[in-house]
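Structural description and commentary
Each chain, letter by letter, is given below.
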Amino acid sequence: MTMEMVIFGLSWLLIGIGSVFVVIGAVGIVRMPDVFTRLHAASLIETLGGGALLLGLMLQAGFTLVTLKLAMILLLFVFTAPVATHAVAQAALHQEVMPKLASDRRPHQAGGKSPEAR
Amino acid sequence: MRTVSLGIVLFLFWLTLSGHYTNFLLSVGVGCVVLCLLLVHRMGLIDSEGHPIAMLPRTLTYYPWLAWEIVKSSLGVAKIILSPSLPISPTMTLIKARQKTSVGIATFGNCITLTPGTLTTGVADDEVTVHALTRDGANDIQAGRLNQRVAKFEGSA
Amino acid sequence: MMFLMATIAILIAMALVVVRAIRGPTVFDRVLAGNVIGTLAILLLAVVGFLLGRPEWLDIALTYGLLNLISTLAVLKFFRHGDLAFVPKEPPKL
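As the structure is a prediction and not an experimental result, all values here were calculated from the model.

Residues and elements named next belong to chain B. With five of seven residues buried, strand β2 (residues 118–124) is to be regarded as a mostly interior element. As paired strands, β2 and strand β3 (residues 127–132) are joined by six bridges and run antiparallel to one another. Pairing of G122 across the sheet is with T129, part of β3. The antiparallel pairing of β2 with β3 creates a hairpin that spans two residues between the two strands, and D125 there sits at a positive phi of about 50°.

Written as structure tokens, this is what we have:
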């Protein structure tokens, strides 16, 4: 009985945290000034927002096949979110969309183009 | 060895997704797994890069550590987004990755991107270009704690 | 109750991201917005599946997750090379 209460409360908490962070990430996507900073806000949605929501749902489901499927979606997020984010950043650099920087610690190349932006 | 473990993983995947355990569906699953293994074997993809089983025991300690890092940096980014003045100071840095294999460097880049606040924009040989949301984030990543941890996870340090 | 709350939160977030997709100055803002909407759609499918008591929707969510990555990469490749069948002349090192 008490164990059930604890699990219920924990899943409620996790789903609440997930909802809040999803909204915060979306607000960040609207507020941030350029593509690269928006990517940071997007990764907030994909990692903590999605992760907390899915963990909360896993606690709700208990030990069933549904939990395994939720874990699979979570793993899918962990493996694909960085790939997509990195692809967007690299494509933006390739098209010479330069980030607005406060400070740049890279050794400078001629033309100001980074060697990775092939 | 690797082929057998990949086969087990693929069959567990089938069991999870199907949810029906009749004889017919199980035998179809075995057939699919064998077909996949034959194809992958022919393509020569089963090596330490395609199916890194040696890293498996170390994931048990590495993933919780990474999750905690993600939570910490997420709170930082959320604070930045919610503060009215938007105190960002985007910084690009170049970091030398300490990992030996390409799997290790890919893991390092992915973990940088996965933690909110830092983002890999390019990899050339063993130098990783990182875009950080704030100067503090760039200092953090240059301090090299994550670098060290991923090298340990990879098994080369 | 909390499923309803999470659903509403995800819908609000989707509306905000659509604002960015409409306003976004570069094409990459729009690709990013599309990717994030895909992620939010996966979460929405999972949460609404629980809300309506139909966890079978998780299969759809999984498929949508795979398609989301492929579509993002395909759109980016198209904008980068102008051709989906592009093959680089020399294979990348490493």
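Here we take up empty space enclosed by the protein. For the structure shown, the criterion picks out two cavities of 30 Å³ or more. Put simply, the largest cavity is a space of about 110 Å³. What lines the largest cavity is E46, L76, F77, T80, A81 and A84 of chain A together with N35, T39, I42, G65, N68 and L69 of chain C. Counting residues per element, the ones that place at least two in the lining of the largest cavity are α3 (65–94) of chain A together with α2 (27–51) and α3 (57–81) of chain C. Among the elements that make up the lining of the largest cavity, the one with the highest residue count is α3 of chain A (five residues). Taken together, the residues of the lining of the largest cavity break down into six nonpolar, five polar and one charged.

Residues and elements named next belong to chain B. With seven of ten residues buried, helix α6 (residues 145–154) is to be regarded as a mostly interior element. Looking only at α6, the buried set comprises L146, N147, R149, V150, A151, F153 and E154. Where α6 is buried, its residues contact α3 (56–82), β1 (91–96), α4 (102–114) and α5 (135–143). A positive phi of about 100° marks G155, the residue just after α6.

With that settled, consider the side chain of T7 of chain C. Secondary-structure assignment places T7 of chain C in helix α1 (residues 2–23). If we skip the residues at most four places from it in the chain, T7 of chain C touches L44, V47, V48 and L51 of chain C.

A word on the nonpolar core. Counting 64 residues, the largest nonpolar core has L57 and L70 of chain A together with L40 of chain C as its most contacted members. Breaking this core down by element, the ones donating at least two residues are α1 (2–31), α2 (35–61) and α3 of chain A, α3 of chain B together with α1, α2 and α3 of chain C. With 14 residues, the single largest contributor to this core is α2 of chain C.

Definitions and limits used
Residues numbered from 1 in each chain as written. Chains lettered and ligands numbered in written order. Predicted model: local features only at pLDDT ≥ 70, side-chain atom pairs only at ≥ 80, totals over all residues. Heavy atoms only, no water. Buried < 20%, exposed > 50% of the residue type's maximum accessible area, 1.4 Å probe, protein only. Helix = DSSP H or I, 4+ residues; strand = E, 2+ residues; numbered from the N terminus. Pairing = 2+ DSSP bridges. 1 Å grid on protein atoms, 1.4 Å probe; cavity = no way out; pocket = protein on both sides within 12 Å on 5 of 7 lines; lining within 4 Å. Points joined across faces, edges and corners; volume = space filled by probe spheres on them. Nonpolar A, V, L, I, M, F, W, Y, C, P; charged D, E, K, R; others polar. Contact = heavy atoms within 4.5 Å. Core = buried A, V, L, I, M, F, W, Y, C linked by side-chain atoms within 4.5 Å.

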